[in-house]
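Below, each chain spelled out in residue letters.
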Amino acid sequence: MSTPQLLKPADKDLGGGFKVRRLLPAGGRRSVGPFVFFDHFGPATEQPGAEHDVRPHPHIGLATVTYLFEGAMMHRDSLGCVQEVLPGAINWMTAGRGIVHSERKPERLKADTYVNHGLQLWAALPQAFEEVEPSFVHTPAADIPERTEQGVPVRVLIGEAFGATSPVKTFAPTLYLDIALPAGGRFVLPALAAEMAVYPVDGDVQVDGDIVAAHTMAVLPDGQGAVFTAEGAVRLVVIGGAPLDGPRFITWNFVSSRKERILQAGADWAAQRMGQVPGETEFIPLPGHPFGVQEPDVKTTPV
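Computed from a predicted model, the values in this text were never measured in an experiment.

**Concerning helix H1 (residues 259-270)**
Each turn of an α-helix holds 3.6 residues, which means side chains three or four residues apart point in the same direction. With 12 residues, H1 should cover 16 Å at 1.5 Å per step; its first-to-last C-alpha distance of 17 Å lies within 8% of that length. Taken together, the buried positions of H1 are occupied by Arg-261, Ile-262, Ala-265, Gly-266, Asp-268 and Trp-269. Projected down its long axis, H1 shows its buried positions confined to an angular sector of 165°, all on one face. Considering only its buried residues, H1 is in contact with strand S5 (54-59), strand S10 (99-104), strand S25 (248-251), strand S26 (254-256) and helix H2 (288-291).

Printed below as a string of C-alpha cells:
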C-alpha cells in the first residue's frame, strides 16, 4: 500500500494580524477532488476593538465553503444575502460568473471577547458550471446529518457516507466529513471518493500506522481508504471527491479553466463592474501584481 502525501501548512496573514494556515494549493499538490483551496484559521481570540473583518472582495469560477468550530461571522454579498455563520453549519457560496462578499464581526459581538475557529475551502466548479448564476445557501447545523460509526461521531457535511447524505447541493461528487476520534480510538475510512485527504485539526493522528502531526494534510493514495488511530482525542476533517475535469488557473480570488477569463475578472473588479455589497462602502483593491502585467502569474491545478 502506498503512503500518504504530507502537506505542511503555509502561514498567511490576511491583514490586521489575522493569520491562517494554508494547506491548498501547495507546491506538490494543487487539488484534492474539487477542492483547490484549504485555509484553517484560529483558534483566535476576538476582543472588543479588534477588527479582523474581511472587506468586500470578488470571486469567480468557484464555491466558497465555510465551516466554523467556534465563534461567528457575518456574511454579506452582492446578491443581498445577509447570514450569520455559526458553528456546525455549512455555508456554500457559488461564485459562478461573479460575486462580491464580505465577512465581518457580527454587531451583537462587537463588545464581546470570544474565539473564532474554523475552515474555509474553495471548490472549483466543473467547466460546464464555471459561469453559472451566483448564489448563497446556508445549511444550519441541525440539518447536517451525524452518525456514530465504529463508535466514533461523524458529521457528513457534504456528500454521502455511512448511510447518511448531506442536504448540501454540489456541482460534482464532493466529500467533506467532520470526525471526532476519541482518545485511544480507531476508525476505518473506506474509499468513499476517488481522491481523499485527512486533516487533523487539533492533535496528532496515526494514518495506517504513520504519525501525521496536527495541521498537516495527508493526501491518501487515489482510490484508497485508511485506518486512523490516536492516543489522545483529535478532531479530523476528511475532504475529497471526483478529480477535477481539467486544470484550473488560480490567481488572487479567481479560479478558471481559462487564463483570459481571470484577466477579464481582474479588469472587471478594477472597474468595479462585479457588483456591490449593500451597505458596504469599503472594498479590497485589485492587487498590482500579478494584474499589473499582461500575463498574470497564474498557477494551474493539478500539476
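**Considerations on the packing of aromatic side chains**
Counting across every chain of the model gives nine aromatic pairs. Taken together, a centroid distance of 5.6 Å and an interplanar angle of 85° make the contact between Tyr-67 and Phe-69 edge-to-face. Neither Tyr-67 nor Phe-69 differs from the other in exposure class; each is buried. Ring centres 5.6 Å apart and planes at 90° place the aromatic pair Trp-252 and Phe-254 in the edge-to-face group.

**Observations regarding unusual backbone geometry**
The residue after Leu-24, namely Pro-25, is reached through a cis peptide bond having omega -5°. By the element assignment, Pro-25 lies in the loop between strand S3 (19-24) and strand S4 (35-46). Here the amide bond leading from Gly-42 into Pro-43 is cis, since omega sits at 0°, within 30 degrees of zero. The residue Pro-43 is located in strand S4 in this model. Phi angles above zero are rare outside glycine, and Asp-208 is one such case at about 55°. If you trace the backbone, Asp-208 turns up in the loop between strand S20 (205-207) and strand S21 (210-212). For Trp-252, which is not glycine, the phi dihedral falls at a positive 55°. As for its position among the elements, Trp-252 is in the loop between S25 and S26.

Conventions used here
- Residues numbered from 1 in each chain as written.
- Predicted model: local features only at pLDDT ≥ 70, side-chain atom pairs only at ≥ 80, totals over all residues.
- Heavy atoms only, no water.
- Helix = DSSP H or I, 4+ residues; strand = E, 2+ residues; numbered from the N terminus.
- Expected span 1.5 Å × (residues − 1).
- Buried < 20%, exposed > 50% of the residue type's maximum accessible area, 1.4 Å probe, protein only.
- Arc of directions from axis to C-beta.
- Contact = heavy atoms within 4.5 Å.
- Phe/Tyr/Trp six-rings, centres within 6.5 Å; stacked < 30°, edge-to-face > 60°.

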